[in-house]
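Analysis of the macromolecular model
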Amino acid sequence: MEIILATLSALFSVVNPFGAMPVFLTLTQNDTAAQRNQQALKACLYMVGILAVFFLAGQYVLNFFGIRIHDLRIAGGLMIMRAGFELLTPGASNKKVSPDVVEEAQHKEDISFTPLAMPMLSGPGAIAVSIGLFTTSLSFLDMTLILIGIILLAAISYVILRFSHQLTRYMGKAGLSALSRIMGFIVLSIGVNFIVSALKALFFTE
């Protein structure tokens, strides 16, 4: 249970489904409720697939290119810190995707994979965290629990997107802005933790 909670806490702020709500609502404004729910479900399923693949295979990809996990954590930490700084600024939710991508997506019938699953839900930061969760000391049970944590995160994200209209009306722009800043602070802290832990492992272990 602790591993599942640790996975959720590590990924939730980086995935930040609340930040995906404005873009999701914009791109599905002409869809029916059933179509919106279908897009949200498919996007969350894609997110599970993306994060699970990078969690399971990411370490082998790093080994192939001769990249150490600590190098990835430093690079990922910098990316996560940048995302955190953006969330601390107004209109951060729209910065995950460029205006050109949003405009292009408005003409697509299926937005579940791009831009919703990538890069909104499972962007570079979430992928970096997923790869960082893998260590050679993990048992099969540990890996299964981490995957369950990813699936639970997708379920929570789906509920948030499914009820995004109601949440937006209830929280308002001020509430969403405050929530974005809180998420930004947490994401920024995660990025700092990634970098500090990697530097300690590189320079302060015997």
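Whatever comes next refers back to the structure up there.
One structure accompanies this document, and this report is about it. Here the structure is a predicted model, which is why all the values come from computation and not from measurement.

Examining a nonpolar patch on the surface
- A surface patch of nonpolar side chains, about 450 Å² in accessible area, is lined by Val61, Phe64, Phe65 and Ile67.
- Tracing the backbone through its elements, the reader meets valine 61 in helix α3 (residues 33–64).

Brief notes about the environment of methionine 79
- When you line up the elements, methionine 79 lands in helix α4 (residues 69–87).
- Among residues more than four places away in sequence, those in contact with methionine 79 are Pro124 and Gly125.

Notes on the pattern of salt bridges
- Under the counting rule described, the total for this entry stands at three salt bridges.
- The partner of lysine 42 in a salt bridge is aspartate 110, with the nearest N and O atoms 2.5 Å apart. In this pair, lysine 42 sits in helix α3 while aspartate 110 sits in the loop between α5 (99–105) and α6 (112–121), placing the two residues 68 residues apart along the sequence.
- Assessed through its relative accessible area of 30%, aspartate 110 is described here as partly exposed.
- Linking aspartate 71 and arginine 68 is a salt bridge whose minimum nitrogen-to-oxygen distance equals 3.2 Å.
- A relative accessible area of 48% places arginine 68 in the partly exposed class.

Reading the values: the criteria
Residues numbered from 1 in each chain as written. Predicted model: local features only at pLDDT ≥ 70, side-chain atom pairs only at ≥ 80, totals over all residues. Heavy atoms only, no water. Patch = residues over 30% accessible without salt bridge, like charges linked within 9 Å, V, L, I, M, F, W, Y side chains within 5 Å. Areas by Shrake-Rupley, 256 points an atom, 1.4 Å probe, with all protein chains shown as cover. Salt bridge = Lys/Arg side-chain N within 4 Å of Asp/Glu carboxyl O. Helix = DSSP H or I, 4+ residues; strand = E, 2+ residues; numbered from the N terminus. Contact = heavy atoms within 4.5 Å. Buried < 20%, exposed > 50% of the residue type's maximum accessible area, 1.4 Å probe, protein only.

The values are spatial; any link to function lies outside them.
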